[in-house]
Amino acid sequence: MTETFYEVMRRQGITRRSFIKFCSLTAASLGLGPSYVGRIANAMETKPRTPVIWLHGLECTCCSESFIRSAHPLAKDVVLSMLSLDYDDTLMAAAGHQAEAIIAEIKAKYKGNYILAVEGNPPLNEDGMFCIHGGRPFVEVLKETAADAKAVIAWGACASWGCVQAAKPNPTRATPIDKVISGKPIVKVPGCPPIAEVMTAVVTYMLTFDRIPELDRQGRPKMFYGQRIHDKCYRRPHFDAGQFVEAWDDEAARKGYCLYKMGCKGPTTYNACSTTRWNDGVSFPIQSGHGCIGCSEDGFWDKGSFYDRLTGINQFGIEANADKVGATAAGVVGAAVAAHAAVSALKRGRLEQSDGDNK
Amino acid sequence: MAYETQGFKLDNSGKRVVVDPVCRIEGHLRVEVNLDSSNVIRNAVSTGTMWRGLEVILKGRDPRDAWAFTERICGVCTGTHALTSVRAVEDALAIQIPENANSIRNIMQLTLQVHDHLVHFYHLHALDWVDVVSALSADPKKTSELAQSISNWPLSSPGYFRDLQNRLKKFVESGQLGPFMNGYWGNPAYKLPPEANLMAVAHYLEALDFQKEIVKIHTIFGGKNPHPNWLVGGVPCAINLDGTGAVGAVNMERLNLVKSIIDRSIEFTEQVYIPDLIAIAKFYKGWLYGGGLSSKSVMSYGDIPDKANDYSAGNLLLPRGAIINGDLGKVHDVDLKDPEQIQEFVTHSWYKYPDETKGLHPWDGVTEPNFVLGPNTKGTKTNIQELDESGKYSWIKSPRWRGNAMEVGPLARYIIGYAQKKPEFKEPVEALLKELDAPVQALFSTLGRTAARGLECQWAAHKMSYFFDKLMANLKAGDLSTANVDKWEPATWPKATKGAGFTEAPRGALGHWVKIQDGKIDNYQCVVPTTWNGSPRDPKGQIGAFEASLMDTPLAKADQPLEILRTLHSFDPCLACSTHVMAPDGQEMTKVRVR
């Protein structure tokens, strides 16, 4: 029970050399310099595995599925060596009473020392019975489990903002967890789902440094949600040059031009997709030809069609160029796009120009 | 109270056992059973315990966006709802997709089948058959001999298993058991020798590493996984093999990566999954409970169109049809648009119909919430101890095909393919039965369901290869097209139209129905696999597939629901998919249902 990461890793046959290499990779994946390697190693040598209770509310389990896709660290190493995933409906061997007993045991044994990870959110209509857990409303189980937690992680858009079940008219009154949990630090890791390596990095960071990462005003770790996808997009030069995809599978699409006119929400979406990329860095939505749908943003389901062009981005005067090009090209693609261009010219204005802090 | 239905004698007079939550599934499920004095299940009650409301939310939105909403019905079977949705919208708008798009969509859907089946077997289901703690007492040398006797998979040396066992030992000794805490270790229902358990634990971890590779195919074509991107009219990824900017599209390097993943998927399935399945099945072939409805009534819509845009049964590589009354000699045709075939009932669901003795076709569905508990419920509304199945008891509706409760899923598909005498399905089944020295009746069981899923995983991995070759041949012929944008703009659409789309999700038959009015969604409905399998009783008292499968199964220990979990898990339940929608203020939300 009082074992440290290091002891556990050593006992599992991992060499000191591999351990230090692991610490270096961790530091690198967090964007930290080599000087942090020693600190990470030291932290891991002196701390026991922190228990994690992972609860599921109204959700689709995409966050769990994403988590197990993590390439560095591997999900199996996270679960076997870095934390103690004592409760997770999706993976645990036990069920029913035996499962319920674990929550009570961890709450008592590790009072104030476990992390609560929440996937999904509680519905508040119908006395909470749109999500029933052990015969009771999920929201009650959530509040009880949060009460003795050290910190809370809100996985994904569901726990952070409400996501799809909270889209208008939100029939169940699905509610983000920070609206029902009080007095606990909550780290929001939005996205539908979040990127696997972002999820494991946030967990690793918290376990390693024994603190929650620096958050922006919306409660998101700055290190991954501090910049817009557009800011770091490899297709950005095409945006700046006024080279746009005008229709699916047109010549511009085959050349990898900017998807702004196809409704890409990269310019207003704060996430690490264009830098960290997905599934071990294989690709990300824009690279695979579809615009960003903005899935890490609050209320992204209710901001018009995913194919509506953003009408008011304003930074460095670039949009004027984009819209001018848009209006010129519109005749080629048809009346509907021309209408968009006209509307956007009228509506053009400041939507946002600052970073996540001022959002 | 006791009565007979579908060949089962239901009796709820014995000891009641409640399992809530049922873990290692997607979503929230509760099950209650009654045991007789010999601990045999004589009554089963399955309850969907969550509801989200996506169909209500879809009303009034752009049909081209519907795939993204419905994709979020489920992150485990990610993509299959999106594909069903774009097919429904394309059906409504009469959009023809390019051949390349059909091949890429099939590769993505088959990727899901392979991934989902593999993860289900090792990470959601294996612990029902594999005793992790028993693995600690295995002899690594004998484990190596066992592994090498069933497969050429290279990770099989005594040293490999010894290291793994040491890692496991130290993990257990730490006292922090993580996901293995409070498992049913040592239960006599576990039948594997320690060596088989150790081998299975090794492959549990290897499969956890490998599954993240399979989904990279989704990432290449759809940008991410879970929840890749799709497109009405084709696929969003353009292809560029020669020109400037090919690095911004699907090019030779990307295609090579796809090919490499397909090859490795075939290898892992054939060298690890299938041999493990056979090895485990050999020790459990005496445990043939859990057949439920599989020997009586099964259904499949079919999927994987060989040529683009032809959804007739003859062009679908996964079989289509319905079998009722256990008559394998007659496979009925299934039509999603026939109002007499698919109907949903709510007698025992938390909804209200004007006349609850009748079922309604998805086009005419009514969803009015009615969260009331039966008179014999124990506990309170917000603290339910025992449900009363004579009243309403689930957020899942009861779909029926021509009045019959049906089982859907890999076993249903294989039974239908077998009945249709399709060699691709019949021959592997016969080979497996021969290998296990088991009669054909053994197919209709929990184990049969688990085995069919494995065979289908292997089938799907090879079909990925087939469609990759087909894609390459088409590219070689000079066709690079991936999307048809003729009807992209809503101005080109009819004022009012409707369509239906279907797929075979990993868990079974999935249908979406859409009505479009003035360019917006007027009505959207889904009937999903776990709605079929997890359905509560209907007005005639007929039980659903989960309930039927638990009947007459003995429990080794009444306070450990190991056998219940084993059989429920064999369906791979997906509850986020199955639960229906209600109106925001408790009012009737006509023709909108689910999730």
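Here the residue numbering is sequential within each chain, running from 1 through the sequence in written order. Lettering of chains starts at A and numbering of ligands starts at 1, both following the order in which they are written. The predicted origin of the model limits local features to residues at a pLDDT of at least 70 and limits the giving and counting of side-chain atom pairs to 80 or more, whereas totals for whole chains, interfaces and linings rest on all residues.

### Overview of the overall build of chain B
Now for step 1: Strands are runs of DSSP state E lasting at least two residues, helices are runs of H or I lasting at least four, and both sets are numbered from the N terminus onward. When helices and strands are counted, chain B shows 16 helices and 18 strands.
Now for step 2: Relative to a compact globule of 595 residues, whose C-alpha radius of gyration would be 25 Å, chain B shows 24 Å and is just as compact.
Now for step 3: Dimensions along the principal axes, computed over C-alpha positions, put chain B at roughly 65 × 60 × 50 Å.
Now for step 4: A burial count over chain B gives 61% of its 595 residues as buried.
Now for step 5: Of the contacts made within chain B by residues no fewer than 6 positions apart, 73% connect residues no fewer than 24 positions apart. Two things to know: the radius of gyration comes from C-alpha atoms, and the globule rule equals 2.2 Å times the number of residues to the power 0.38. Each residue is classed by its C-beta neighbour count within 10 Å, where at least 20 other C-beta atoms makes it buried, 12 or fewer makes it exposed, and intermediate counts make it partly exposed; the C-beta atoms are placed from backbone geometry. Any two residues are considered in contact once their C-beta atoms, placed from the backbone, lie within 7 Å.

### Some points on the UniProt feature "binding site: Mg(2+)" (unreviewed entry) in chain B
Now for step 1: The feature "binding site: Mg(2+)" (unreviewed entry), as annotated in UniProt, sits at Glu55 and His580 of chain B in this numbering.
Now for step 2: Here Glu55 of chain B shows up in helix H1 (residues 54–58). UniProt positions are given in the numbering used here, feature names are shortened, and annotations may be inferred rather than shown by experiment.

### Focus: the interface of chain B and chain A
In many analyses, interface size is given as the accessible surface area lost on bringing the parts together.
Now for step 1: Listed per partner, the contact involves 96 residues of chain B and 84 residues of chain A.
Now for step 2: Residue assignment for the side of chain B that touches chain A shows that the elements contributing at least two residues are strand S3 (15–19), H1, helix H2 (66–71), helix H6 (158–173), helix H7 (194–214), helix H8 (216–222) and strand S13 (383–386) of chain B.
Now for step 3: For the side of chain B that touches chain A, the class distribution of residues is 46 nonpolar, 33 polar and 17 charged. Basically, the charged four are Asp, Glu, Lys and Arg, the nonpolar ten are Ala, Val, Leu, Ile, Met, Phe, Trp, Tyr, Cys and Pro, and anything else, Gly included, counts as polar.

### Overview of the packing of helix H10 (residues 410–419) of chain B against helix H12 (residues 446–476) of chain B
Residue and element names in this part refer to chain B.
Now for step 1: Relative orientation of the contacting elements H10 and H12 amounts to 75°, with a least axis distance of 8 Å. Classified by the angle between their axes, H10 and H12 sit roughly perpendicular to one another. Contact residues: H10 offers Pro410, Leu411, Arg413 and Tyr414, while H12 offers Gly448, Arg449, Ala452, Arg453, Leu455 and Glu456.
Now for step 2: Taken together, the residues of the contact of H10 with H12 sort by class into 5 nonpolar, 1 polar and 4 charged. Axis geometry follows a simple rule: fit a line to the C-alpha atoms, using only the stretch in contact for helices, then measure angles between N-to-C directions, giving values from 0 to 180 degrees. If an angle is under 35 degrees, it is roughly parallel; if it is over 145, roughly antiparallel; if it lies from 65 to 115, roughly perpendicular; otherwise it is oblique.

### Quick look at the sheet that holds strand S6 (residues 149–155) of chain A
Residue and element names in this part refer to chain A.
Now for step 1: Strand pairing requires that DSSP identify at least two bridges connecting the strands. Judged by pairing direction, the sheet is parallel, and its 5 strands sit side by side in the order S2-S1-S3-S6-S7 without closing on themselves. Both edges of this open sheet fall to strand S2 (83–88) and strand S7 (186–189), since each of them pairs with a single strand only. Each strand axis lies, on average, 25° off the axis of its neighbour in the sheet, ignoring direction.
Now for step 2: The pairing of S6 with S7 spans 4 bridges and is classified as parallel. When the bridges of S7 are listed, Trp155 appears paired with Val189.
Now for step 3: Along the sheet face, helix H6 (residues 96–109) touches strand S1 (50–56), S2 and strand S3 (114–119) and points at about 135° away from the line of S2.

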